[in-house]
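# Coordinate inspection notes
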Amino acid sequence: MSPKTADVILETHRLSRHFGGLRAVDQVSFQVRQGEILGLIGPNGAGKTTVFNLISGFLKPTAGTIHFQGRPIHGLRPNAIARLGIGRTFQIVKPFSDLTVRENVLAGLGHDLYPTLRALREHYLRPDAVRRADRILEVVGLSEYADVRAGTLPIGLLRRLEIARALALEPVLLLLDESAAGLTHHEVEALGALVRGLRDQGITILLVEHNMRFAMGLCDRIIVLNQGRILAEGPPEAIQRNPKVIEAYLGHSGRVAHR
Amino acid sequence: MGYLVSVMTFASIWAVLALSLNILTGYAGQVSLGHAAFFGIGAYTSALLAVKAGWSFWPAFVAAVLVTGICGALLGLPSLRVRHDFLVLATMGVNFVVVAVFKYVDFFGGALGIVGLQKPQIFGWTLRGWGFLALAVAYLLLTLWVSDYVRRTWAGLAFATVREDEDAAEAMGVSVPRFKIYAFAISAALAGGAGSLYAHFLGSIFPDHFAFVESIGIMSMVVFGGLGTLRGPVVGAFVLKILPEYLRVVGDYRYTLYGGVLVLMMLFQPQGILGDNSWLWKRLQALYARWRPGPQPRPTSRALSAANPGDDPAPASRSGRVNPGERTHESENS
Amino acid sequence: MTLWNILLDTLTQGSIYFLIAVGLTMVYGILKILHIAHAAVYTVGAGVGLAVFRLTGNFWAALAAAMVVSGAVGVLIYRGVYFYMLDQPRIVPLITSVGLFLLMQDLLQKPYLMGPYQHAFPAQDVFPSLTLPWGTVPSAQVMILVFTALTLGVLYGVFTRTRLGLAWQAAAMDRDMAGAVGVNLNRAIALNFLLGSALAGAAGVLVGVFYNSVYATMGDVPSYKAFVVIVLGGMGSVSGTVAASFLLALAETVLLSSVGYVLPRDAIAFLVLILVLMFRPQGLLGR
Ligand SMILES: Nc1ncnc2c1ncn2[C@@H]1O[C@H](COP(=O)(O)OP(=O)(O)OP(=O)(O)O)[C@@H](O)[C@H]1O
Ligand SMILES: [Mg+2]
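Residues numbered from 1 in each chain as written. Chains lettered and ligands numbered in written order. Predicted model: local features only at pLDDT ≥ 70, side-chain atom pairs only at ≥ 80, totals over all residues. Heavy atoms only, no water.

### Details of the overall build of chain B
When its secondary structure is counted, chain B shows 14 helices and two strands. Split into buried and exposed, the 334 residues of chain B put 60% on the buried side. Partitioning the contacts of chain B with sequence separation of at least 6, the portion at a separation of at least 24 is 77%. (Helix = DSSP H or I, 4+ residues; strand = E, 2+ residues; numbered from the N terminus. Buried < 20%, exposed > 50% of the residue type's maximum accessible area, 1.4 Å probe, protein only. Contact = heavy atoms within 4.5 Å.)

### Things to note about the overall build of chain C
Counting secondary structure elements, chain C contains eleven helices and two strands. Counted from the first residue to the last, chain C has its helices and strands arranged as α-α-α-α-β-β-α-α-α-α-α-α-α. For 287 residues, the compact-globule estimate of 2.2 N^0.38 gives 19 Å, and the C-alpha radius of gyration of chain C, at 18 Å, lies within 12% of that figure. Reported as C-alpha extents along the three principal axes, the dimensions of chain C are approximately 55 × 45 × 35 Å. Accessible surface computed for chain C: about 11300 Å², of which carbon and sulfur atoms make up 68%. Computed over 13 positive and 9 negative side-chain charges, the inter-centroid distance for chain C is 8 Å. (Rg over C-alpha atoms; globule rule 2.2 N^0.38 Å. Areas by Shrake-Rupley, 256 points an atom, 1.4 Å probe, with all protein chains shown as cover. Lys, Arg positive; Asp, Glu negative; His and termini not counted. Charge placed at Lys NZ, Arg CZ, Asp CG, Glu CD.)

### Quick notes on the nonpolar core
Residues B:Trp14, B:Trp154 and B:Phe179 are the most contacted members of the largest nonpolar core, which totals 259 residues. Take this core: its biggest share by element is 15 residues, from helix α1 (residues 3-31) of chain C. (Core = buried A, V, L, I, M, F, W, Y, C linked by side-chain atoms within 4.5 Å.)

### Some thoughts on the sheet that holds strand β9 (residues 221-226) of chain A
All names here are of chain A. The six strands are arranged β6-β7-β8-β3-β9-β10 in an open sheet whose pairing can be described as mixed. At either end of the open sheet lies a strand with only one pairing partner, and these are β6 (86-88) and β10 (229-234). Pairs of neighbouring strands in the sheet enclose a mean axial angle of 20°, with direction left out of account. Alignment of strand β3 (residues 37-41) against strand β8 (residues 204-208), held across four bridges, turns out to be parallel. Within β8, the position partnered with leucine 38 by the bridge is leucine 206. Its contacts with the sheet put helix α7 (residues 185-200) on β3, β7 (173-177) and β8, and the angle it makes with β8 is roughly 150°. (Pairing = 2+ DSSP bridges. Axes fitted to C-alpha atoms, helices over the stretch in contact; angles between N-to-C directions.)

### Notes on the site of ligand 1
Around ligand 1 lies a shell of 14 residues, among which A:Gly45, A:Lys48, A:Thr49, A:Thr50 and A:Gln91 are the nearest. The environment around ligand 1 is built from residues contributed by chains A and B. Contacts to ligand 1 include A:Asn44, whose side-chain N or O atom sits 2.9 Å from an oxygen atom. Relative to its free-state accessible area of 630 Å², ligand 1 is covered by the protein chains to the extent of 72%. For the shell around ligand 1, the secondary structure elements donating two or more residues are β2 (22-33) and α1 (48-55) of chain A. When the residues that make up the shell around ligand 1 are grouped by side-chain class, the tally is four nonpolar, eight polar and two charged. (Near = heavy atom within 4 Å. Polar contact = N/O pair within 3.5 Å; in protein donor to acceptor, adjacent residues only side chain to side chain. Nonpolar A, V, L, I, M, F, W, Y, C, P; charged D, E, K, R; others polar.)

### Details of the interface of chain B and chain C
Across the boundary between the two partners, chain B contributes 48 residues, which contact 45 residues of chain C. Here chain B meets chain C over a buried area of about 4500 Å², counting both sides, of which 75% is carbon and sulfur. Put simply, chain B and chain C have zero salt bridges between them. At the junction of chain B with chain C, the criterion picks out three residue pairs in polar contact (both at pLDDT 80 or more). Broken down by secondary-structure element, the contributors of at least two residues to the side of chain B that touches chain C are α4 (78-81), α5 (84-104), α10 (212-225) and α13 (254-268) of chain B. Residue contributions to the side of chain B that touches chain C peak at 13 residues, all from α5(B). Here the side of chain B that touches chain C is built from residues that sort into 32 nonpolar, nine polar and seven charged. (Buried area = accessible area lost by both parts, 1.4 Å probe. Salt bridge = Lys/Arg side-chain N within 4 Å of Asp/Glu carboxyl O.)

### Points about the coordination of the magnesium ion (ligand 2)
All names here are of chain A. Coordination of the magnesium ion (ligand 2) by the protein is provided by Thr49 (OG1) and Gln91 (OE1), with metal-donor distances spanning 1.9 to 2.1 Å. You can see threonine 49 sitting in helix α1 and its partner glutamine 91 sitting in the loop between β6 and α3 (101-109), a full 42 residues away along the chain. Take threonine 49: its relative accessible area is 10%, and that puts it in the buried class. By relative accessible area, glutamine 91 is classed as partly exposed at 26%. (Donors = N, O, S within 2.8 Å, 3.2 Å for Na, K, Ca; no water.)

### Some remarks on the interface of chain B and chain A
Listed by partner, the interface residues are 40 residues for chain B and 48 residues for chain A. Each partner contributes to the roughly 3900 Å² buried at the junction of chain B and chain A, and carbon and sulfur atoms together form 57% of this total. At the surface where chain B touches chain A, the tally comes to three salt bridges. With its nearest N and O atoms 3.4 Å apart, the salt bridge here joins A:Lys94 to B:Asp167.

### Points about the sheet that holds strand β1 (residues 8-19) of chain A
Residue and element names in this part refer to chain A. With antiparallel pairing, the four strands of this open sheet are ordered in space as β2-β1-β4-β5. Where the open sheet ends on each side, the last strands, each with one partner, are β2 and β5 (71-72). Summarising the sheet, β1 and β2 pair through eight bridges and their orientation is antiparallel. When the sheet's bridge partners are listed, valine 8 is paired in β2 with arginine 33. Each of β1, β2 and β4 (63-68) touches α1; the most contacted strand, β2, lies at about 65° to it.

### Quick word on the packing of helix α1 (residues 2-27) of chain B against α10(B)
When two helices pack together, their arrangement is given by the angle between their axes and by how far apart the axes lie. Residue and element names in this part refer to chain B. Two elements in contact, α1 and α10, have axes separated by 9 Å at closest approach and are oriented at 80°. Between α1 and α10, the angle falls in the class roughly perpendicular. Judged by residue contacts, Trp14, Leu17, Ala18, Leu21, Asn22 and Thr25 of α1 engage Glu214, Ile218, Met219, Met221 and Val222 from α10. By residue class, the composition of the contact of α1 with α10 is eight nonpolar, two polar and one charged. (Parallel < 35°, antiparallel > 145°, perpendicular 65-115°, else oblique.)

### Re the pattern of salt bridges
Per the counting criterion, the structure on display carries 25 salt bridges over all chains. With a shortest N-O distance of 2.9 Å, A:Glu233 and A:Arg221 are connected by a salt bridge. Taken together, the residues span a long stretch of sequence, with A:Glu233 in strand β10 and A:Arg221 in strand β9 at a distance of twelve residues. Take A:Glu233: its relative accessible area is 41%, and that puts it in the partly exposed class. Members of the salt-bridge network, linked through shared partners, are A:Asp98, A:Arg149, B:Arg163 and B:Glu164.

### Quick look at the side chain of C:Ser70
Residues and elements named next belong to chain C. Mapping serine 70 onto the fold places it in helix α3 (residues 59-80). We classify serine 70 as buried; its relative accessible area is 0%. One polar contact links the side chain of serine 70 to the main-chain carbonyl oxygen of valine 41, over a distance of 3.5 Å. Residues in contact with serine 70, not counting those within four places in the same chain, are Val41, Val44, Gly45, Ser197, Ala198 and Gly201.

### Side note on the confidence of the model for chain B
When pLDDT drops low, the exact placement of atoms in the prediction is not to be read closely. Residues of chain B with pLDDT of at least 70 account for 87%, and the chain-wide mean is 85. Residue range residues 299-334 of chain B is modelled with pLDDT below 50. Its contacts to residues more than four positions away, or to other chains, number 96 contacts. (pLDDT = per-residue confidence, 0-100.)

### Things to note about the pairing of β7(A)
Among the five residues that make up β7(A), five are buried, leaving the element largely enclosed by the rest of the structure. Burial along β7(A) is two-sided: A:Leu173, A:Leu175 and A:Asp177 facing one way and A:Leu174 and A:Leu176 facing the other are all buried.

### Here's the deal with unusual backbone geometry
With a phi close to 50°, A:Gln27 is a non-glycine residue in the positive phi region. Mapped onto the secondary structure, A:Gln27 falls in strand β2.

### A short note on the arrangement of the chains
Considering every one of the two pairs of chains in contact, the largest contact total is recorded for chains A and B. Between chain A and chain C there is no contact, and the shortest C-alpha to C-alpha distance separating them is 12 Å.

### A word on empty space enclosed by the protein
Residues and elements named next belong to chain B. If you walk through the whole model with that rule in mind, you get three cavities of 30 Å³ or more. Here the largest cavity is characterised by a volume of approximately 60 Å³. Forming the boundary of the largest cavity are Ser32, Gly34, Phe38, Leu75, Pro78, Ser79, Leu87, Ala90, Thr91, Val94 and Phe184. Broken down by secondary-structure element, the contributors of at least two residues to the lining of the largest cavity are α4 and α5. The dominant element in the lining of the largest cavity, judged by the number of residues it contributes, is α5, at four residues. Here the lining of the largest cavity is composed, by residue class, of seven nonpolar, four polar and no charged. (1 Å grid on protein atoms, 1.4 Å probe; cavity = no way out; pocket = protein on both sides within 12 Å on 5 of 7 lines; lining within 4 Å. Points joined across faces, edges and corners; volume = space filled by probe spheres on them.)

Spelled out as structure tokens, the structure:
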């Protein structure tokens, strides 16, 4: 690896995904650096979730490449990418409703056993696994719900459960898709603290956000996506002042950058 | 007495079938209406080895389990491409094709079936009557143990994630195809053993013993007792297998009963009479708690989310509104 | 087999598939339910038709009675059962439907209904046979072809020219939306079942006359065949169903006349179904 790319953990190169005639993601190239919090913002339908789905393997690129820690991952199945250490949350939460909150997290802790035959032999309710699950629940603040069926949780807690499950993969890179959506002001602040804490533990974070104030305050760097293309890239202050960005937001949904 | 013993033997064999389908449908959420095909593959494997190759029961039984498990893995391949109601269609198709092969390919004995199978022997004793019942019950206990063991393993947890949400399962590092195939293989292998027992108990088998209606019967036993639990399929099989034998009215209307059970359970108690949230099971638990006060056992809910959505034990909404979208825009698993 | 025979067989068999499958397709299009019990409705139609024919000796009365009773049974199934499951996962109504099918067919086999026997339906000479330059069309086949043509015409008219047809199309696209813009969903769906089931009843009578045989399990094979047809036809598209019906009939006829008898016709159809489900899940004729 060349010195310049030494700290690049994820890199997309001219990444594209078309749905019929729609270019949901169009020749997007960007890098995620080790240890940063990178924000991906843009109006509705800009292609943010599609970028996440491409990185995590739920969609195959129409063209372009994705490299994670120097190796190509486009073409891998989602479970393989997850086991490489890319955790993700879903914008539309997908809890294992019938399992308890703890079991939801345990499901992620099994990630390195699933491809082996040990998965068929070993019980999952082992004290060490349960301890690790409970520690993760503590980090995201779900301890008191450990034995509750996930399907009964309100949306705010489900978003935290999404993060908890992704953390169970022991990820190197964490993809958060609008984790702050629908949260109260108070919860948003707690989320910000959580994300910073995770970064301090060495986890790199790529997050999609609609809440501008939150994204601006949290991210080291921001990429603005519009109609599948990168519109701007830079530190939050520069993005906020960028006339192209302001216009894209005003033109599309009438939302001003400062909300 | 002999009649009772024979009825109990059949009931035990069907309880194994119900439990094995439960692993596939209750644990892993893959609804199959072709389970009788695996039952038949086990029976035919065992019978052919006994009649054509002169094998005795025990090795034939083991071979039936193995062969059916492998067939299960292969016939489970459609589940990697199709889901939900289309998977049901595909499994029905598998059932028809398998029965057609038994019926129209001479090697399998054709419509005349295979006759002249010996009962198993152990230390020179021939197992018949009580002896065979003991064998069937032992196999049922083994199946119960396997069902319980699998459920507690990481694979059991992976099955549950596949059942609940395939995308989220993948995001947790679970290879959905791998675990679907596991579920099909385990489920089929257990059913294959039941087929072997059945063949050697009856002494002769015919293609129609494994027809689509039998698949419906097995499903109705699981659904009646309670999908996803261990007690449910066993109780379902015993009730629905024994009732027609002793009540003549019911005997004449055996398939009406199976069909009616499916309709009524789906309408009023989709989690089955002994499912975790069912009326009867809650009453029983309340009774038990009153007799023996102490900490409530945590419900280990494993009901099929597809048949038991959410928390709501109410029969069904009467709003007449529907939610047709079953895939989110994010799912595109190829 | 001459070309003429192949053509005639294909047309007849395809018409039969179409008449049975079109009701299923309509139900699937609007409710996304795989309505297996439809095959029992078809048998009910045949049975009622035969009973009325024996009483009156009039084919037309038999056909009308079959359509009325089958239509009513269809609506009953919707209002009594499926109606309560519309917002459940699609597996729930499917399992229910399988149960209903088994239940109805078991009851039909009872001695006080149809019993376990085949009954003759001697109404073959209602239509004249038709002599064309290429060959003769026997009267029973004339009957089926005429009825199919009529049905196609009527369906085309209903779907394109009436408010009801529009309502069905809207509901098929997005039921919630259709309800929101003022389509009376319950009425539209009930009428959908009425028409689809009435057609199945008519098909029961026609097939009964064609084979001169009516029996309680006559719905077995057609029901599964009908699924092959609707899957091939792209799930819920009526025009796809028309094409798929004749395509399946053609494939079967050609295969049977050239390759001969390897597996029964029905096993072939099911192998095709499994393969199509796996490799072209949107149907052979879907987009
Ligand atoms: N599976 C799919 N099939 C067809 N079109 C899709 C699919 N997924 C996304 N799209 C389209 O691609 C475009 C980008 O969608 P995407 O979900 O990536 O946007 P987004 O930036 O995440 O928007 P939001 O802020 O609303 O979450 C949209 O026009 C969407 O309709
Ligand atoms: Mg999005």
